[in-house]
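Spelled out from the first residue to the last, the chains are:
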Amino acid sequence: MKALLILACILIISSPAYSTQLGNVKGKKIVTLQNSVGTSIAKFNSNSPLEKFEGNSQALQGSFTLNADNLEQSIGKISFPVRSMKTGLSKRDDHMYGKDWLDAQNYPNIEFELKKLSSISIKKSDNSGVEFSAIAEGMCSVKGIAKPAKAKLFVKYVLESDITRKRAQGNLVMIDSDFSVSLKDYNVLGRGDIIGSKVGESIDLDIKLFGSTSN
Amino acid sequence: MNLWRIIQIFSTIVIVTLSIFWIMDDFQVFTKDKTEKITIVKDEIFGTDIEKREWIENFQLGLLPDDPVHPYRSLAFPSLICIALILFAQNRIHSQENTRP
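Since the structure is predicted, the reported quantities are computational estimates derived from the model, not experimental observations. (Residues numbered from 1 in each chain as written. Chains lettered and ligands numbered in written order. Predicted model: local features only at pLDDT ≥ 70, side-chain atom pairs only at ≥ 80, totals over all residues. Heavy atoms only, no water.)

(A) Examining the packing of aromatic side chains more closely. For the structure on display, the rule yields four aromatic pairs over all chains. Between the aromatic rings of Phe112 of chain A and Phe179 of chain A, the centroid separation amounts to 5.8 Å while the plane-to-plane angle is 50°, which identifies the pairing as tilted. Of this pair, Phe112 of chain A sits in strand S6 (residues 109-126) while Phe179 of chain A sits in strand S9 (residues 172-182); the two residues are 67 residues apart in sequence, bridging distant segments of the chain. Exposure class is identical for Phe112 of chain A and Phe179 of chain A. Each is buried. For the ring pair Trp22 of chain B and Phe27 of chain B, a centre distance of 5.2 Å and an interplane angle of 85° mean the geometry is edge-to-face. The buried category is assigned to Trp22 of chain B, whose relative accessible area is 18%. (Phe/Tyr/Trp six-rings, centres within 6.5 Å; stacked < 30°, edge-to-face > 60°. Helix = DSSP H or I, 4+ residues; strand = E, 2+ residues; numbered from the N terminus. Buried < 20%, exposed > 50% of the residue type's maximum accessible area, 1.4 Å probe, protein only.)

Written as structure tokens, this is what we have:
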């Protein structure tokens, strides 16, 4: 009797009907950022007494692995070139790439390495896909300094269909994320007393990523 | 008309014109050379609004210059010059009136 129960459990778990944290999505899914799915963008906001300004980079690249069986164990790496960051003021952009600021010559990329997901909350799960929120925990590297960082995430995972195939092969993913970085933490000190007057002490990042599970 | 009076009128016109441009350019603190064009598009697959952003070349006059090497690219610098000219011209007009017999 006991053996039968164990066998029944194994059959249920191994049958195609079992569902994971991501509903019908199973196993590890490698999601690569793709412009055909959507333009990934990292917007950054600086609030200082003299001027509030916004800029962005639209040259994000990277991939991450969503582990549907254990979402907490999702990993990945997203980066963008410092020189792709624009603010609408070319002189300010040039300063931003310089040695006193982000030092693009020696540290050409800003990176976020995802180590795990926490506080996962499934918002919606049906035949079309899954939506969930989570906290991404990992290491943020700016100017060659890597510091632990946490980012709030909202993920929309859309299962492949005739409609999605018109845009890209595979399942499509959109991620909304925001977090802030303190410039001092990454040894971005600027010249004189610019930080705090012309540039905010911390920069708010609002990131939107688009990718698909096809490679 | 007195030359100094013409300089005063011209300087005032310059200040007013630059101020109108500055107001039209949304009271920018620093002069900008690009504007971000934002288009909102409905994304049917993800069921949300997506922003399409692109930088387009567009000069916007700011109160302060975009580059300290080019101070004239601002409202403040030419306005200060014009105010100085108006005051100097006023001084000259006053001197001329006092020296008249």
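(B) Region of the structure containing the pattern of salt bridges. Summed over all chains, the structure comprises 17 salt bridges over all chains. For Lys156 of chain A, the salt bridge is made with Glu131 of chain A, and the minimal N-O distance between the two is 4.0 Å. Separated by 25 residues along the polypeptide, Lys156 of chain A in strand S8 (residues 145-158) and Glu131 of chain A in strand S7 (residues 129-142) bring together distant segments of the chain. In terms of burial, Lys156 of chain A and Glu131 of chain A fall into one category: buried. Each of the salt bridges in this network shares a partner with another, and the network as a whole consists of Lys43, Glu54 and Asp206 of chain A together with Glu36, Glu51 and Arg53 of chain B. (Salt bridge = Lys/Arg side-chain N within 4 Å of Asp/Glu carboxyl O.)

(C) How the structure looks around the interface of chain B and chain A. With 22 residues of chain B in contact, the opposing surface of chain A contributes 28 residues. For the pair chain B and chain A, the summed buried surface comes to about 2000 Å²; carbon and sulfur atoms form 57% of the total. Of all residues in chain B, Ile45, Phe46 and Trp55 of chain B give up the largest surface area on contact with chain A, accounting jointly for 37% of the area buried on that side. Applying the counting rule to chain B against chain A returns four salt bridges. Among the ionic pairs, Asp67 of chain B bridges to Lys91 of chain A, the shortest N-O distance being 3.6 Å. (Contact = heavy atoms within 4.5 Å. Buried area = accessible area lost by both parts, 1.4 Å probe.)

(D) Fine view of the confidence of the model for chain A. For chain A, the mean per-residue pLDDT works out to 87, and 89% of the residues sit at or above 70. Contacts for the low-pLDDT stretch residues 11-17 of chain A, under 50 throughout, to residues beyond four places or in other chains number three contacts. (pLDDT = per-residue confidence, 0-100.)

(E) Focus on the pairing of strand S5 (residues 75-81) of chain A. The sheet contact formed by strand S4 (residues 61-67) of chain A and S5 of chain A spans five bridges and is antiparallel. Note that in S5 of chain A the partner of Thr65 of chain A across the bridge is Ile75 of chain A. (Pairing = 2+ DSSP bridges.)

(F) Helix H2 (residues 90-97) of chain A, seen in detail. Residues of H2 of chain A that are buried: Arg92, Asp93, Met96 and Tyr97 of chain A. Mapping the buried residues of H2 of chain A onto a view down its axis gives an arc of 140°, with all of them on the same face. Against the buried residues of H2 of chain A lie strand S2 (41-47) and strand S3 (52-57) of chain A together with strand S2 (32-43) of chain B. (Arc of directions from axis to C-beta.)

(G) Representation of helix H2 (residues 76-99) of chain B within the structure. Residue and element names in this part refer to chain B. Taking 1.5 Å per residue as the helical rise, H2 with its 24 residues ought to reach 34 Å, and the 35 Å between its terminal C-alpha atoms agrees with that figure. Of all the residues in H2, the buried ones are Pro78, Ser79, Cys82, Ala89 and Ile93. Against the buried residues of H2 lie helix H1 (3-24). (Expected span 1.5 Å × (residues − 1).)

(H) Looking closely at the confidence of the model for chain B. Residues and elements named next belong to chain B. Across chain B, the average pLDDT comes to 92, with 97% of residues at or above 70. Strand S1 (residues 28-30) is the least confidently modelled element of chain B, averaging 91 in pLDDT, while H1 averages 96, the highest of any element. Reported confidences for the modelled complex are a pTM of 0.82 and an ipTM of 0.76.

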